[in-house]
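# Descriptive analysis of the structure
Chain residues, written in single-letter form:
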Amino acid sequence: MNFIKGIFNAVADPKLFFLIACALLAVMLWKRERIAANAVGYGALGVLGAFFIFGTFDPNFRLVVTKPDNVPIVGLIFLLVFFVWYSIREGVLNDRRIAAGQGPIEKAESDRVWVWPDLVYTELIALILCSVVLIVWSIFLKAPLEQPANPANTPNPSKAPWYFLGLQEMLVYFDPWLAGVVLPGLIIVGLICIPYIDKNPKGNGYYTISERKPEIAIFLFGFAVLWSSLIVLGTFLRGPNWNFFGPFEFWDIHKLEALTNVNLSEYIWVRLFRTGLPEFWLVREIFGILLVLFYVFALPVILAKAWLKTYYVKLGPPRYYVTVFLFLMMMSLPIKMLLRWVINLKYIVGIPEFFFNI
């Protein structure tokens, strides 16, 4: 038992957890014909359920999972696994129909129903069931209400509501102006820009994967691997003092992580050149500034002439550069996360003189 718990605790290490999530996404899209089988989808839910049942026998696991704040996240995990699998399954089924010349099932007239009474009746039943579930939930699960806020006695860890845990986790790797304003703003702007950037009529109104492989892969990576995994990390694995703990590990308030977060300028000037940090901020941070400028301005041009030449021709310069800029901004989060986890890199550009850090 302890050996199995040790394996789960080791897998919950953020570096391994993130890499496994990326690998599962790649395998799911690559082997989607097999993943679409009912045995795989329901088997994954069964394995996930067995994991939580096994975990409830451990007091540390049970203490974290059964918190009223955390119970909805357990349901979120099951719903996420099911609906991601279900969307893959529907996409594969439609791809088979399209390859056979039949067209997607959503376009078939025989599958359509009237709004009244068919759709409204179904929605009414769903409304009643959801109301019953919420009433039973409110009776048996105590509301997570605490004492009035006391600055002399703050919770440890002090966490945001679950829907903001992704943003709170991003604050570990970026300054507040980036994690709380710029990146969430770009998420909203990116969602608004999708209809204007992606004018491909294929895949509109029906499930498909073969016709929109890159778009689906990017969306699943951003939503399932990044955003949802950040919520899971912040809910179940972030403990006292904002340290990482395994699912079966005791949340020891005295645990200390002996980490020395180092800026890129310190890596280059102190560790590589063996000199002290220059006093003038522009000289000190010149390497980080050049790296950021290369990432934002030069890398899209290089990609347009190399690996993304087809997309550059298909989208045209304006739409291509907007698309790649938004994609690179999304990728900056996992890049910064891995750099913090692997080499304890704090800031690529750190200019405290102007409160500007990247």
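Higher on the page you've got the structure.
Owing to the predicted nature of the structure, the values given are computational and were not obtained by experimental measurement.

Along an α-helix, residues three or four positions apart point the same way, because every turn accommodates 3.6 residues. Compared with an ideal rise of 1.5 Å per residue, which puts 29 residues at 42 Å, helix H6 (residues 71-99) spans 43 Å between its outermost C-alpha atoms and is within 8% of the ideal. Taken together, the buried positions of H6 are Ile73, Val74, Ile77, Val84, Trp85, Ile88, Glu90, Gly91, Val92, Asn94 and Asp95. Buried residues in H6 make contact with helix H2 (14-30), helix H3 (32-35), helix H4 (38-55), helix H5 (59-65) and helix H10 (213-237). Within two residues after H6, Gly101 carries a phi angle of roughly 80°, on the positive side.

Using the criterion set out here, one finds 9 salt bridges in the structure. Across the pair Asp198 and Arg212 runs a salt bridge, and its minimum N-O distance is 2.0 Å. Here Asp198, found in the loop between helix H9 (176-197) and H10, pairs with Arg212, found in the loop between H9 and H10; they are 14 residues apart in sequence, far enough to count as distant. With a relative accessible area of 22%, Asp198 lands in the partly exposed category. On the basis of relative accessibility, which here comes to 11%, the residue Arg212 falls in the buried class. Connected through salt bridges with shared partners, the residues Arg284, Glu285 and Glu353 form a single ionic network.

The next thing to look at is helix H11 (residues 264-272). When we look at burial in H11, the residues that qualify are Leu264, Ser265, Ile268 and Trp269. On an axial view of H11, the arc spanned by its buried residues comes to 115°, and they lie on one face. Once H11 finishes, Arg274 follows within two positions and takes phi at roughly 60°, a positive value.

For the rest of this paragraph, the subject is the side chain of Asn263. Mapped onto the elements, Asn263 comes out in the loop between H10 and H11. Polar contacts involving the side chain of Asn263 include one to the main-chain amide nitrogen of Tyr347, which spans 3.2 Å. When sequence neighbours within four positions are dropped, the list of residues in contact with Asn263 reads Leu345, Lys346 and Tyr347.

All right, on to the packing of aromatic side chains then. Counting across every chain of the model gives 29 aromatic pairs. Aromatic pair Phe219 and Phe223: ring centres 5.9 Å apart, planes at 10°, arrangement stacked. With Phe219 and Phe223 both in helix H10 and 4 residues apart, this pair spans about one turn of that helix. Ring centres of Tyr320 and Tyr321 lie 5.1 Å apart, and the angle between their planes is 75°; this geometry places the pair in the edge-to-face category. What makes Tyr321 partly exposed here is its relative accessible area of 32%. Every member of this aromatic cluster is reached through a ring pair, and the members are Phe8, Phe51, Phe52, Phe54, Phe61, Phe78 and Phe248. Sitting over the ring of Trp30, Lys31 keeps its end group 4.2 Å from the ring centre.

Conventions we followed
Residues numbered from 1 in each chain as written. Predicted model: local features only at pLDDT ≥ 70, side-chain atom pairs only at ≥ 80, totals over all residues. Heavy atoms only, no water. Helix = DSSP H or I, 4+ residues; strand = E, 2+ residues; numbered from the N terminus. Expected span 1.5 Å × (residues − 1). Buried < 20%, exposed > 50% of the residue type's maximum accessible area, 1.4 Å probe, protein only. Contact = heavy atoms within 4.5 Å. Salt bridge = Lys/Arg side-chain N within 4 Å of Asp/Glu carboxyl O. Arc of directions from axis to C-beta. Polar contact = N/O pair within 3.5 Å; in protein donor to acceptor, adjacent residues only side chain to side chain. Phe/Tyr/Trp six-rings, centres within 6.5 Å; stacked < 30°, edge-to-face > 60°. Lys NZ or Arg CZ within 6 Å of the ring centre and 35° of its normal.

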